[in-house]
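Architecture at a glance
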Amino acid sequence: MEMTPSSEICSVKVALHIRPLVADERLQGCKDCVSVVPRLPQVQIGTHSFTFDHVYGNGGAESSAMFEQCVAPLVDGLFQGYNATVLAYGQTGSGKTYTMGTGFKDGCQTGLIPQVMDTLFNKIETLKHQTEFQLHVSFIEILKEEVKDLLDSASESKSVVANGHPAKVAVPGKPAIQIREASNGVITLAGSTEVAVSTLQEMAACLEKGSLSRATGSTNMNNQSSRSHAIFTITLEQMRKLHSVSPVNDTPDEDMGEEYFCAKLHLVDLAGSERAKRTGTGGLRLKEGIHINKGLLALGNVISALGDEKKQKEGMHVPYRDSKLTRLLQDSLGGNSKTVSLHQSC
Ligand SMILES: Nc1ncnc2c1ncn2[C@@H]1O[C@H](COP(=O)(O)OP(=O)(O)OP(=O)(O)O)[C@@H](O)[C@H]1O
């Protein structure tokens, strides 16, 4: 479905990003299994064709165009008060973290989140004379249906000196983070750290800090596999002074009060979408797989419910409450908000 910024109904855009084969894959003689249909946003896998709003990489459009075409309109929308969500979906190793820029190992300077931050601060710089801005960021992950605060310094282990020797002690964390819905439908995360930032460097430091504390573990498919959904959220508050304009010389005249907007952008690096049986895991990892799939299944159901205009008009139930992930994104997936789902493939 094509996204139109002025649209009253929720719009979802789906793009495919095909990453190049990495060195190890080339050494093992792996071949691309997805072929892009020339001049169409369509790919062929065997005898099946799949059509997207955009296809990037591996013969599709340049990956560098992805930000301008898919994400920059969402950043513009934030300034008009629209919530938005960017989701990176795909199996482990398909390039979600690289594309989003949530992985410190690949350097924070590439990826969509650093580009969002650059664009946001450039725009604020041009508007700051007429508008007052306040920015907050939070960075959480959902692992086994529990919300973990990636920016909470208190829950990190701290160094102390014991018997003259440095030692690490675990500092008890805050109470569990609760997802709450206000009477106006706004979703908040009670108990999570919201950092007020006023510069690009401060926001980049939050991304870096959260990326480093993100839980990773190993499965048979990828040693650094992320089994959690990581959500970096930017909240933009704006207070704009309103003036009537003098008809004589076109200059601001009488003070007409203030206009207030608050909107948030969720940038989500989803857990690997492979099925538990393919990862060859059991016990704890299998349980994690079940939780991961619960979140992804619920997200799929919510997006398909939102994408069905007819059912939307009929007031069809959208199953946001089926997982923590969909509950948290509830006010940024439906209504007036914009969603981009980036499907990663290799
Ligand atoms: N567009 C790209 N160009 C070059 N290398 C890439 C690209 N995307 C991903 N890679 C490389 O592919 C590997 C896997 O990428 P990444 O860790 O982002 O996958 P992932 O989908 O986030 O996996 P996980 O689910 O385990 O987090 C990394 O070595 C990364 O550097």
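Residues numbered from 1 in each chain as written. Predicted model: local features only at pLDDT ≥ 70, side-chain atom pairs only at ≥ 80, totals over all residues. Heavy atoms only, no water.

**A look at helix α4 (residues 112–127)**
- Here α4 contains 16 residues, and its C-alpha end-to-end distance of 23 Å stays within 8% of the 22 Å for a straight helix at 1.5 Å per residue.
- Every buried residue of α4 is listed here: Leu-112, Ile-113, Pro-114, Val-116, Met-117, Leu-120, Phe-121 and Ile-124. (Helix = DSSP H or I, 4+ residues; strand = E, 2+ residues; numbered from the N terminus. Expected span 1.5 Å × (residues − 1). Buried < 20%, exposed > 50% of the residue type's maximum accessible area, 1.4 Å probe, protein only.)

**Considerations on the packing of aromatic side chains**
- This structure, assessed with the given rule, holds two aromatic pairs.
- Where Phe-79 meets Phe-133, the ring centres are 5.8 Å apart and the plane angle is 75°; that geometry is what we call edge-to-face. With a gap of 54 residues between them, Phe-79 in helix α2 (residues 65–79) and Phe-133 in strand β7 (residues 131–143) connect regions that are remote in the sequence. Note on accessibility: Phe-79 and Phe-133 belong to one class, buried.
- Ring centres of Phe-139 and Phe-232 lie 5.1 Å apart, and the angle between their planes is 85°; this geometry places the pair in the edge-to-face category. In this pair, Phe-139 sits in strand β7 while Phe-232 sits in strand β14 (residues 229–245), placing the two residues 93 residues apart along the sequence. Each member of the pair Phe-139 and Phe-232 is classed as buried. (Phe/Tyr/Trp six-rings, centres within 6.5 Å; stacked < 30°, edge-to-face > 60°.)

**As for unusual backbone geometry**
- Although it is not a glycine, Lys-144 adopts a positive phi angle of roughly 50°.
- For Lys-144, the position within the fold is in the loop between β7 and β8 (146–149).
- Here Glu-145, not a glycine, exhibits a phi torsion of approximately 60°, which is positive.
- As for its placement among the helices and strands, Glu-145 is situated in the loop between β7 and β8.
- The buried category is assigned to Glu-145, whose relative accessible area is 14%.

**Observations regarding α2**
- Helix length check: α2 (15 residues) gives 22 Å between terminal C-alpha atoms against 21 Å at 1.5 Å per residue, within 8%.
- Here α2 has its buried residues at Met-66, Phe-67, Cys-70, Val-71, Ala-72, Leu-74, Val-75, Gly-77, Leu-78 and Phe-79.
- Of the residues one or two after α2, Gly-81 is the one with positive phi, at around 90°.

**Describing the pattern of salt bridges**
- Within this structure, the stated rule accounts for nine salt bridges.
- Among the salt bridges present, the one from Arg-19 reaches Glu-25, with a minimum N-O distance of 2.9 Å.
- A relative accessible area of 13% means that Arg-19 is categorised as buried.
- Taking relative accessible area as the criterion, Glu-25 reaches 16% and is therefore assigned buried.
- One network of salt bridges, with partners in common, ties together Glu-181, Arg-321 and Arg-327. (Salt bridge = Lys/Arg side-chain N within 4 Å of Asp/Glu carboxyl O.)

**Regarding the nonpolar core**
- With 41 residues, the main nonpolar core has Leu-120, Leu-135, Met-203, Phe-232, Ile-234, Leu-265 and Leu-267 as its most contacted residues.
- When residues in this core are grouped by element, the largest group, nine residues, is from α2.
- Counting 24 residues, the second-largest nonpolar core is a separate cluster that includes Leu-87, Ile-140, Tyr-320 and Leu-333. (Core = buried A, V, L, I, M, F, W, Y, C linked by side-chain atoms within 4.5 Å.)

**A few points about the sheet that holds strand β4 (residues 48–51)**
- With respect to topology, three strands assemble into an open sheet ordered β2-β3-β4, the strand pairing being antiparallel. With partners counted over all chains shown, the strands left at the sheet margins are β2 (35–36) and β4, one partner each.
- As defined by bridge partners, β2 adjoins strand β3 (residues 42–45) across two bridges and the pair is classed as antiparallel. Residue pairing in the sheet places Ser-35 in a bridge with Gln-44 of β3. (Pairing = 2+ DSSP bridges.)

**A few points about the side chain of Gln-344**
- As for its placement among the helices and strands, Gln-344 is situated in strand β16 (residues 338–345).
- On the basis of relative accessible area, Gln-344 is assigned to the buried category, the value being 6%.
- One polar contact links Gln-344 to His-17, side chain to side chain, over a distance of 2.9 Å.
- There is a polar contact of 2.8 Å between the side chain of Gln-344 and the side chain of Thr-99.
- When sequence neighbours within four positions are dropped, the list of residues in contact with Gln-344 reads His-17, Tyr-89, Gly-90, Ser-94, Gly-95, Lys-96 and Thr-99. (Polar contact = N/O pair within 3.5 Å; in protein donor to acceptor, adjacent residues only side chain to side chain. Contact = heavy atoms within 4.5 Å.)

**Topic: the UniProt feature "binding site: ATP" (unreviewed entry) in the protein**
- Mapped onto this numbering, the UniProt entry annotates "binding site: ATP" (unreviewed entry) at Gly-90, Gln-91, Thr-92, Gly-93, Ser-94, Gly-95, Lys-96 and Thr-97.
- The residue Gln-91 is located in the loop between β6 (84–89) and α3 (96–100) in this model.
- Under the relative-accessibility criterion, Gln-91 is labelled partly exposed at 26%.
- Residues in contact with Gly-95, not counting those within four places in the same chain, are Arg-19 and Gln-344. (UniProt positions renumbered as here; feature names shortened; annotations may be inferred.)

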